[in-house]
Structure formats: structure tokens, C-alpha cells
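Breakdown of the fold
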Amino acid sequence: MQFGKDAIEAIWRRQCGGWEWSDVACVQSFLVECLQHNLDPQDGLNWIIEHRTQLSDADAVVDAALRWVNEHTSTGSPVSGIGAEQQE
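Residues numbered from 1 in each chain as written. Predicted model: local features only at pLDDT ≥ 70, side-chain atom pairs only at ≥ 80, totals over all residues. Heavy atoms only, no water.

1. So, the overall build of the chain
Condition: A run of DSSP states H or I qualifies as a helix once it reaches four residues; a run of E qualifies as a strand once it reaches two. Both are numbered from the N-terminal end. Exposed residues in this analysis have more than 50% of their type's maximum accessible area, buried residues have under 20%, and partly exposed residues fall in between, with area computed by a 1.4 Å probe over protein chains only. In what follows, residue pairs with any heavy atoms lying within 4.5 Å of each other are defined as contacts. In short, Shrake-Rupley with a 1.4 Å probe defines the accessible areas, and a residue's cover is counted only from the protein chains shown.
Helix and strand content of the chain: 4 helices and 0 strands. Moving toward the C terminus, one meets the helices and strands of the chain in the order α-α-α-α. Within the chain, the proportion of its 88 residues that are buried is 40%. The long-range share in the chain, meaning contacts at least 24 apart out of those at least 6 apart in sequence, stands at 50%. With the model as given, the accessible surface of the chain reaches about 5300 Å², and the carbon-plus-sulfur share is 48%.

Here you go:
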């Protein structure tokens, strides 16, 4: 089983194929799959930002990824923080 950047890259290739085909839809699918594999979507977002120079429409893709992370995680915080407020 792959972890970390190798797993994130494998998910990217499954969902987007390569950099030249990356768009908002594949980025959202990429982040959903990261979450399904218990990978922090924030790490996926960071990976996208790290590779933004390879994206044909970097601004739109990064903006879409940032919006998705903010909408699907606890205020954009790492997954490990989700639900912590319920323990109090």
C-alpha cells in the first residue's frame, strides 16, 4: 500500500491522467479519492499548489481545490481535527 506523496500522485494519475488534462472536475474527484483513502485533502491541495506550474489553468484549478477543501473539511483544517469538538 502506498502512503504520502506516492499515494497522492497515484490518485492524481487515476483521476486526472496527467497535468495537461487537469481541470476543476478532475481536481474535485482527486480530492474525494484522497479523502476516501484516509489521506488529508489538505495534503492533496498542497500537492496541487506545489505542482501548479505544470497546470494549464493553474489559477482555476487551485481555486477549485481550495474551495473544495474548505467546504469538505473542518474549516479547511486537517482531517485529523474533524470531530475533535465532539469530544468536549
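Continuing now.
2. Regarding the state of the cysteines
The following threshold applies: Here, a disulfide means two cysteine sulfur atoms that sit within 2.5 Å of each other.
Scanning the entire structure with this criterion turns up 1 disulfide. Note on cysteine connectivity: cysteine 16 is disulfide-linked to cysteine 26, with sulfurs 2.3 Å apart. Note on the cysteine 16 and cysteine 26 pair: the S-S dihedral is about 100 degrees, so by sign convention the disulfide is right-handed. Here cysteine 16, found in helix H1 (residues 4-16), pairs with cysteine 26, found in helix H2 (residues 24-36); they are 10 residues apart in sequence, far enough to count as distant.

3. Section: helix H3 (residues 41-50)
Three or four residues apart is the spacing at which side chains of an α-helix point the same way, because the helix has 3.6 residues per turn. Note the following rule: Under the rule applied, a polar contact is a pair of N or O atoms within 3.5 Å (in protein, one hydrogen donor and one hydrogen acceptor; residues adjacent in sequence only if both atoms are side-chain atoms).
Those residues of H3 that sit buried are Pro41, Gln42, Gly44, Leu45, Trp47 and Ile48. Elements in contact with the buried residues of H3: H1, H2 and helix H4 (58-72). For H3, the side-chain oxygen to backbone nitrogen distance between the N-cap and glutamine 42 is 2.9 Å, and the N-cap itself is aspartate 40.

4. Some details on the packing of aromatic side chains
Formally: Any Phe, Tyr or Trp ring, taking Trp's six-membered ring, that has another such ring centre within 6.5 Å forms a pair; planes under 30 degrees apart are called stacked, those over 60 apart edge-to-face, and the others tilted.
One pass over the structure, following the stated rule, counts 5 aromatic pairs. On the numbers, 4.8 Å between centres and 35 degrees between planes, the contact of tryptophan 12 with tryptophan 19 is tilted. Since its relative accessible area comes to 14%, tryptophan 19 is described here as buried. Both rings, one in tryptophan 12 and one in tryptophan 47, keep their centres 5.7 Å apart while their planes meet at 55 degrees; by these two values the pair is tilted. Of this pair, tryptophan 12 sits in helix H1 while tryptophan 47 sits in helix H3; the two residues are 35 residues apart in sequence, bridging distant segments of the chain.

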